[in-house]
Every structure is written in structure tokens, then in C-alpha cells.
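Chain and residue survey
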Amino acid sequence: MDTRSAALRLKTRVFTILVVLSNVLGNFSLSWGLRRVGSLLSVSPLAYIEALGNPWVALGVSLLILWLLSHMALLSWADLSYVLPVTSIGYVLAAVVGRVFLHEHISTARWAGILLIVTGVALVARTAPRTAHGGGRR
Amino acid sequence: MKWLLVGVIVAATTLGEVFQAVAMKRHGEIRDFRPGALGRLLGLLARNRLILLSVAAMAVSFFAFMALLSVSDLSFAVPATAATYVLETVLAKYLLKEQISRGRWAGAWLVACGVALLSL
């Protein structure tokens, strides 16, 4: 029973990391590419298809497909109310990536936001990933 | 225009993720990660109505997000989605019958407030 829940925890950790990394890198790549593509406020789907010709946009979309699939796998055993807050650590990672690679300024309010997210993630990560189907609580 | 896009993103993301969670819970825990088994799983999921509905909602959310990114910064676009945390936790409690302990509620609110602060 104990090895079973330990295995579930490890599997949950691995998939959480996969979900977070594919999401952060996917959004980063998409945002980077879209800055070169220009405004997409158009009714025609052609504008979106053309945007896919940009390699950064294409890489971003591929990573976001990986994100969708790993997110689905994670939800097959973990609670939505667990997955949602825990994967939000990606926002912190995105801010760090912006600071390190894009030299974006991080204001005091943003640092406070980052601190709140980290605290929230730590709180939720301590609960058992599964409660709905007799997973029990720690 | 920006805020209309935010509304579309929040509604579509919430619906998409809740449908996805319901469908995956009904399917049950994925244990076999060999390529053949994953291929069969994809085939099965591609015919699941809830998954199709969820993917459609997430596609709407994704294209609205792309449109928002093309007219605003990532630092406006990302925090605008904070409302989904609390909304989805409520739906997880009532639709998915998950036990939301105090730690989880506190976590969901902290994350939502934190995400909202990121835009400042």
C-alpha cells in the first residue's frame, strides 16, 4: 500500500514537471514567434495558418500539444484541484525565464505574486494527489 | 477587445479543463506507457465525446490566447487567466466530488491572487 502511494507520488511528480516544462517553453516560443508575425485580430483562419509557418510558432504549438497530452495523462489519476494549483509553478518559471533571457524587469508586486504562488503550490503539493476515488489523505 | 478575449479565454479554459478531468477520471488511471498502448489510448480518446468537447473548448481558448498575445504583452495575457483557479476548484468539488481540504482552498486562492499580482 505504501509503495503504491509512493509510486503514485513519483509518477505525479514526473508528469507535473513534464506538464510545466512543455507549457512554459511552449508559451515562450509562441510569444517569441508571434512578436515577429504581427497582429492576429482577423476573422480569417488563414492568418493563423500563415503564423504556423514561423518556426518559433510551430515549435510552440508542438510543445503545447505535448502539454495537452501530458496534462490529460496526469488528470487520469490526479485530482483537478491538485493538478491546477501545482502546475501553476509554471508562472514562476515563466517570470524567471523572462528575467534571465529577455532581461524583463520584475516589479515588487510581481515578486509578491511569485511568493504567493510558490506558497500556494507548496500548500497543495503536500496534500494527496487523489481524493475522489479512495486515494486517501496523508 | 482585450477584455472580451479574456472573458472568452476564462470560460473556454474552465469548461475545457473540467470536461477533460471528467473524461480522464472516467477512463481511469493510465498505467501502461508503452508506445503501442499509448497509441491505442489516443485512438480511444479521439472517439470520446467529452474529450472532443474539451479539445474544442481548449482550441477556442488557445486561439483567443494567441489573438490576445498578438495585441498585448505576455505579462497582461497570463495574469488575466487567474480567475480559472478558483472557478475550477469550485467545479472540481461539486462536479468531480473531490475533497477540497483547507490546504487546497488556501492554495487555490493564494495562486489566483499571485497570478493576478503578476500583471502589476
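Residues numbered from 1 in each chain as written. Chains lettered and ligands numbered in written order. Predicted model: local features only at pLDDT ≥ 70, side-chain atom pairs only at ≥ 80, totals over all residues.

In this section: the overall build of chain B. Assigned secondary structure in chain B consists of 6 helices and 0 strands. Element order for chain B, N to C, with α for helix and β for strand: α-α-α-α-α-α. Principal axes of the C-alpha set define a box for chain B whose edges measure 45 × 35 × 25 Å. Put simply, 84% of the contacts in chain B that link residues at least 6 apart link residues at least 24 apart. (Helix = DSSP H or I, 4+ residues; strand = E, 2+ residues; numbered from the N terminus. Contact = placed C-beta atoms within 7 Å.)

Quick look at the overall build of chain A now. A count of helical and extended segments in chain A gives 6 helices and 0 strands. Across chain A, helices and strands are ordered from the amino to the carboxyl terminus as α-α-α-α-α-α. With the C-alpha coordinates of chain A rotated into their principal frame, the extents come out at 55 × 35 × 25 Å. Per-residue burial over chain A gives 45% buried out of 138 residues. Across chain A, contacts joining residues at least 24 apart in sequence account for 71% of those joining residues at least 6 apart. (Buried ≥ 20, exposed ≤ 12 C-beta atoms within 10 Å, placed from the backbone.)

All names here are of chain A. Relative to the helices and strands, L8 is located in helix 1 (residues 2-37). Judged by the 17 C-beta atoms lying within 10 Å of it, L8 is partly exposed. For the pair L8 and S22, spaced 14 residues apart in sequence, the C-alpha separation works out to 21 Å. Discounting chain neighbours no more than four positions away, the residues touching L8 are W77 and P129.

This brings us to the interface of chain B and chain A. Counting residues at the interface gives 42 residues for chain B, matched by 40 residues for chain A. Mapped by element, the contributors of at least two residues to the side of chain B that touches chain A are helix 1 (2-27), helix 3 (49-71), helix 5 (83-94) and helix 6 (102-117) of chain B. Ranked by residue count, the leading element in the side of chain B that touches chain A is helix 6 of chain B, at 11 residues. Looking at side-chain class alone, the side of chain B that touches chain A contains 25 nonpolar, 10 polar and 7 charged residues. (Nonpolar A, V, L, I, M, F, W, Y, C, P; charged D, E, K, R; others polar.)

Residues at a pLDDT of 70 or more form 98% of chain B, whose mean pLDDT is 89. As a predicted assembly, this complex carries a pTM of 0.83 together with an ipTM value of 0.85. (pLDDT = per-residue confidence, 0-100.)

The next subject is the nonpolar core. By size, the foremost hydrophobic cluster in this structure holds 68 residues, and its most contacted members are L75, V83 and I117 of chain A together with I9, L68, V111 and V115 of chain B. With 11 residues, the top contributor of residues to this core is helix 1 of chain B. Residues in contact with I117 of chain A, not counting those within four places in the same chain, are S88, I89, Y91 and V92 of chain A together with V111, G114 and V115 of chain B. (Core = buried A, V, L, I, M, F, W, Y, C linked by C-beta atoms within 7 Å.)

Looking at the secondary structure, you find A73 of chain A in helix 3 (residues 55-75). With 20 C-beta atoms packed within 10 Å, A73 of chain A lands in the buried category. Separated by 38 residues in the primary sequence, A73 of chain A and R35 of chain A place their C-alpha atoms 32 Å from one another. Not counting chain neighbours up to four residues away, the residues in contact with A73 of chain A comprise F15 of chain A together with I30 of chain B.

With that settled, the discussion passes to unusual backbone geometry. A negative phi angle characterises most non-glycine residues, just as the trans form characterises most peptide bonds. With a phi angle near 55 degrees, K97 of chain B is a residue other than glycine that sits in the positive phi range. By the element assignment, K97 of chain B lies in the loop between helix 5 and helix 6.

With that out of the way, let us pick up the confidence of the model for chain A. Residue-level pLDDT values for chain A average 85, and 91% of them are 70 or greater. For the stretch residues 134-138 of chain A, pLDDT sits under 50, and the model shows 8 contacts to residues farther than four places along the chain or on other chains.

Residues and elements named next belong to chain B. For the pair helix 5 and helix 6, the least separation of the axes is 7 Å and the interaxial angle reads 160 degrees. Relative to helix 6, helix 5 is oriented roughly antiparallel. On helix 6, the residues that touch Y85, V86 and T89 of helix 5 are A108, W109, V111, A112 and V115. Residues of the contact of helix 5 with helix 6, tallied by class, amount to 7 nonpolar, 1 polar and no charged. (Axes fitted to C-alpha atoms, helices over the stretch in contact; angles between N-to-C directions. Parallel < 35°, antiparallel > 145°, perpendicular 65-115°, else oblique.)

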